[in-house]
Amino acid sequence: MRIALVVPHLFMHQEILPDVIFSPGWLAIDLACELARSGHQVTIFSPGPIKKFFKNSEVDNVTADLSLFEAELEQRGYGYIELLKKHPLTYITLARQVQSEIVAQAYEVANQDKFDLVHIWCNEEELALVNARFCQKPVVFNHHEPFNFLTRYRAIFPKYKHLNWVSFSHAQRVTLANDVNWVSNVYHGLPEHKYHLEEQKQNYLLYMGRIIRPKGVHYAIELAKKTGLKLKIAGKHYADHSKDKYWQEFIKPEIDDEQIEYVGFVKKTEEKQKLVGKARALLIPSTWQEPFGMVMIEALACGTPVIGFDQGSIPEIVKDGETGFVVEYQREEKIEKNGHSVAKDFQKLKQDRFFLENLQKLKQTLEKIKEIDAAKCRQVFDKRFTTKQVVQNYESLYQDLIQ
């Protein structure tokens, strides 16, 4: 098959991707490389060049014209990430223009009969949706967030229920109307040899991911303090981004570099292997509808059990009592402020009855974590979450759509 994999997010650039948390980008690269190894002709359409990440696979890379974007950066005297931090509206406007170009280019080339199918891998905007009618080849769509997460998604997606949609978890489907044309559900995966089983654990808990309130990092901190265990926090915080105060108000005051340690943003696979593989348990106390959660399958690949709330995809990824535990979550109460319902600050949250009940359930679950066998976690990963299995699922889907 001749497959166009379109990833129009501006993070898809070799100067940006290694320095941000953007799992969809790495997943697209893994998928493209494995499809190419399986004998398919694959082209990734991306804003910037990413060919250096293809690991010698026969994957083509078509990029957008970033000259005007780069001229804007040169005029301001800094790079992409600095522009995103300092002038997010300008960044988004320019990024949207680039997305328009790369999507249009993919559809145009497909219409020249150079592809059998176009896969829009991530589409945070409506651009690829509204223009799909002009593509003469089958088009299939993914989305990497809950569909109800932002207003612009909710406003546009119901108009395009007839398009071919693939979910990453069945929980992700709940966030959009039931009459959407779901053509498949394909769980994410990882290359089978990227991580290895580690059976010798150390006595610390781990949180790894974006440090934002919906991820529930504050639950991990309070659980560590309640049990006396050490907690390592890995990931990016957003203290210097717009109005985000979560790091300053919930996390930083709790870090003492003894019991609660912030280890930073872990980029290298070897560093992740050591950090995740040695952890007693990975904590996923998300209070939002997780569409998937890559860190969970990274943990299973290392033989590390996972403890998380029953939100979004977590109950689909974690086999309760077998590869970790799924804890019932009760939403905390909000308070009225200036006529609006708002979330409580950390000090008030610590006195919230539902917060305390959730925390107690996590503690009771953690006491059983030694019942989970590391080798079993790895077995489940090998059975359900390798890139080879992902490719087999997409091959079957592509063939159905083409026929």
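What counts, and where the lines are drawn
- Residues numbered from 1 in each chain as written.
- Predicted model: local features only at pLDDT ≥ 70, side-chain atom pairs only at ≥ 80, totals over all residues.
- Heavy atoms only, no water.
- Axes fitted to C-alpha atoms, helices over the stretch in contact; angles between N-to-C directions.
- Helix = DSSP H or I, 4+ residues; strand = E, 2+ residues; numbered from the N terminus.
- Parallel < 35°, antiparallel > 145°, perpendicular 65-115°, else oblique.
- Contact = heavy atoms within 4.5 Å.
- Nonpolar A, V, L, I, M, F, W, Y, C, P; charged D, E, K, R; others polar.
- Left-handed = near helix turned anticlockwise from the far one by under 90°.
- Salt bridge = Lys/Arg side-chain N within 4 Å of Asp/Glu carboxyl O.
- Buried < 20%, exposed > 50% of the residue type's maximum accessible area, 1.4 Å probe, protein only.
- Pairing = 2+ DSSP bridges.
- Core = buried A, V, L, I, M, F, W, Y, C linked by side-chain atoms within 4.5 Å.
- Phe/Tyr/Trp six-rings, centres within 6.5 Å; stacked < 30°, edge-to-face > 60°.
- Lys NZ or Arg CZ within 6 Å of the ring centre and 35° of its normal.

Draft legend 1. Up close: the packing of helix α10 (residues 269-278) against helix α11 (residues 294-302). In contact at an axis separation of 9 Å, α10 and α11 are set at 80 degrees when each is read in the N-to-C sense. In terms of orientation, α10 and α11 fall into the roughly perpendicular class. In contact with Lys272, Gln273, Val276 and Gly277 of α10, α11 contributes Glu298, Ala299 and Cys302. A class-by-class count of the residues in the contact of α10 with α11 yields 3 nonpolar, 2 polar and 2 charged.

Draft legend 2. Inspection of the packing of helix α8 (residues 217-227) against helix α14 (residues 353-366) at higher detail. Interaxial distance between α8 and α14 falls to 10 Å at its minimum, and their mutual angle equals 60 degrees. For the element pair α8 / α14, the angle class is oblique. Seen along the crossing, α8 lies across α14 with a hand that is right-handed. Residues His218, Tyr219, Glu222, Leu223, Lys226 and Thr227 of α8 pack against Phe354, Phe355, Asn358, Leu359, Gln360, Leu362, Lys363 and Leu366 of α14. Taken together, the residues of the contact of α8 with α14 break down into 7 nonpolar, 4 polar and 3 charged.

Draft legend 3. Representation of the pattern of salt bridges. Enumeration according to the criterion identifies 23 salt bridges in this entry. A salt bridge links Glu198 to Lys278; the shortest N-O distance between them is 3.7 Å. Taken together, the residues Glu198 in the loop between β7 (182-185) and β8 (204-208) and Lys278 in helix α10 connect sequence positions 80 residues apart. Among the residues examined, Lys278 registers a relative accessible area of 22% and is labelled partly exposed.

Draft legend 4. The arrangement of unusual backbone geometry in detail. Even without a glycine there, the phi angle at Asp113 is positive, about 65 degrees. Structurally, Asp113 is set in the loop between α4 (88-111) and β4 (117-120). One non-glycine residue with positive phi stands out, namely Asp257, at about 60 degrees. The topology assignment puts Asp257 in the loop between α9 (246-251) and β10 (260-264). Classification of Asp257 by relative accessible area gives exposed; the value is 55%.

Draft legend 5. View of the side chain of Thr365. You can see Thr365 is positioned in helix α14. With near-sequence residues (within four places) excluded, Thr365 lies in contact with Ile307, Phe325 and Val327.

Draft legend 6. How the structure looks around the sheet that holds strand β13 (residues 324-327). What the 6 strands build is an open sheet, ordered β10-β9-β8-β11-β12-β13; its pairing is parallel. Edge strands, defined here as strands with exactly one partner in the open sheet, are β10 and β13. Along the sheet, successive strands turn relative to each other by an average axial angle of 20 degrees, direction set aside. Strands in contact with α10 are β8, β9 (230-234) and β10; relative to β8, the strand with the most contacts, it is inclined by about 130 degrees.

Draft legend 7. Structural detail: the nonpolar core. By size, the foremost hydrophobic cluster in this structure holds 136 residues, and its most contacted members are Tyr107, Phe141, Ile251 and Tyr394. Top element by residues in this core is α4. It accounts for 10 residues.

Draft legend 8. Fine view of the packing of aromatic side chains. Scanning the model with the defined rule gives 16 aromatic pairs in all. On the numbers, 6.1 Å between centres and 65 degrees between planes, the contact of Trp121 with Tyr394 is edge-to-face. Taken together, the residues span a long stretch of sequence, with Trp121 in the loop between β4 and α5 (127-130) and Tyr394 in helix α16 (residues 387-402) at a distance of 273 residues. The burial state of Trp121 is the same as that of Tyr394; both residues are buried. Ring-pair connections join several aromatic residues into one group, and the members of that group are Trp121, Phe168, Tyr394 and Tyr398. In this structure, Lys350 is placed above the aromatic ring of Phe346, and the distance from its NZ or CZ to the ring centre is 4.5 Å. Between Arg384 and the ring centre of Tyr187, over which it is positioned, the NZ or CZ distance is 5.5 Å.

These figures come from the coordinates and say nothing about function on their own.
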